[in-house]
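Secondary and tertiary structure notes
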Amino acid sequence: MTQLAINVDHVATLRQARGIDEPDPVLAAGICELAGAVGIVIHLREDRRHAQDRDVKLLRQTVKTKLNLEMGATEEMVGIALDIKPDMVTLVPEKRQELTTEGGLDVVGQVDRLTGVIDRLGKGGIPVSLFIDPDSAQIQASREVKATFVEIHTGRYCDAVSDEEQNREFDLIAKAVDEAFYAGLRVNAGHGLNYVNTARIAALDKIEELSIGHAVMARAIFVGLDQAVREMRALIPGS
Ligand code: PXP
């Protein structure tokens with residue numbers, strides 16, 4: 001049963017473009033929940049260019065479903081997570097110049113460090129998800145570092161320019177979802193999903209949640225946020 005979590009970063013991005021206090025991602029999160037989202041995701045970046053600390057603190061107080069804090073695996077962010085106690089953390093790679101998260105986390109290359117971070121967050125009662133490419137080695141390493149979830153990166157499937165390439169990327173995702181699930185990991189997925197390409201991914205029923213931001217916020221400009229969330233839910237059978 002796949003459900004929908006909404007990433008509200010883009011509301012913060014629009015606010016930061018003006019450097020004032022609206023639109024407010026906290027208000028957006030409430031509307032998404034009322035429209036049936038089962039979780040709210042926000043990415044607190046090291047440089048704070050979109051979400052602010054204030055957003056995460058207020059969301060912790062107001063989100064009624066589940067707050068998923070997306071962050072880099074840095075000392076500063078681990079401290080903030082342990083203080084704020086989101087319902088879960090998703091660890092992502094973070095590069096200063098990127099427009100959005102570009103690739104999956106290299107779990108294979110940092111097993112020791114991630115084991116330590118996941119252990120500390122776990123002792124604070126926070127389950128951890130690792131945002132990874134649909135790759136067997138990354139899945140096995142995610143199990144080794146004792147992640148609770150993986151979030152399979154759907155970006156290359158979404159960016160594919162031909163049916164052939166999209167089918168190939170879809171097959172990789174489908175295989176990765178199965179492998180992670182049978183390895184005992186809980187499975188989420190996301191990045192780049194929109195109103196055209198989501199249904200096929202949502203039909204993979206071992207995925208618990210899809211994390212979707214940009215497409216929903218883009219549609220919300222024209223139809224309103226409540227309707228944009230409901231229209232996305234309609235594409236996801238379990239939501
Ligand atoms: N999952 C992760 C780990 C992300 O970094 C993002 C983008 O912030 C998303 C999902 C959502 O991607 P999109 O905004 O393209 O729907």
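Everything quoted here is computed from the prediction, not taken from an experiment. (Residues numbered from 1 in each chain as written. Predicted model: local features only at pLDDT ≥ 70, side-chain atom pairs only at ≥ 80, totals over all residues. Heavy atoms only, no water.)

Regarding unusual backbone geometry
A cis amide bond, omega 0°, links Glu-22 with the succeeding residue Pro-23. By the element assignment, Pro-23 lies in the loop between helix 1 (9-18) and helix 2 (25-34). Its identity as a non-glycine residue notwithstanding, Arg-48 has a phi of 55°, on the positive side. Along the chain, Arg-48 falls in the loop between strand 2 (39-43) and helix 3 (53-62). Residue classification places Arg-48 among the buried positions, given a relative accessible area of 16%. Unusually for a residue other than glycine, Lys-146 sits at a positive phi of about 70°. (Helix = DSSP H or I, 4+ residues; strand = E, 2+ residues; numbered from the N terminus. Buried < 20%, exposed > 50% of the residue type's maximum accessible area, 1.4 Å probe, protein only.)

Examining the UniProt feature "active site" (unreviewed entry) in the protein
The UniProt record marks His-43, Glu-70 and His-191 with the feature "active site" (unreviewed entry), using the residue numbering of this structure. Look at the named residues: they lie 149 residues apart in sequence, but the longest C-alpha span between them is just 12.8 Å, so in the fold they bunch up. Of note, His-191 is situated in the loop between strand 7 (186-190) and helix 9 (198-202). Judged by relative accessible area, His-191 falls into the partly exposed class, the value being 22%. (UniProt positions renumbered as here; feature names shortened; annotations may be inferred.)

Digging into the pattern of salt bridges
For the structure shown, the criterion picks out 15 salt bridges. The partner of Asp-55 in a salt bridge is Arg-15, with the nearest N and O atoms 2.6 Å apart. Taken as a pair, Asp-55 in helix 3 and Arg-15 in helix 1 lie far apart in primary sequence, 40 residues in all. Both residues of the pair, Asp-55 and Arg-15, belong to the buried class. Residues Lys-206 and Asp-178 are paired through a salt bridge, measuring 3.2 Å at the closest nitrogen-oxygen approach. Placement of Lys-206 in the loop between helix 9 and strand 8 (207-212) and of Asp-178 in helix 8 (residues 163-182) is noted, with a sequence separation of 28 residues between them. The class for Lys-206 is partly exposed, based on a relative accessible area of 22%. By sharing partners, the salt bridges in this structure join Arg-15, Asp-24, Arg-54 and Asp-55 into a single network. (Salt bridge = Lys/Arg side-chain N within 4 Å of Asp/Glu carboxyl O.)

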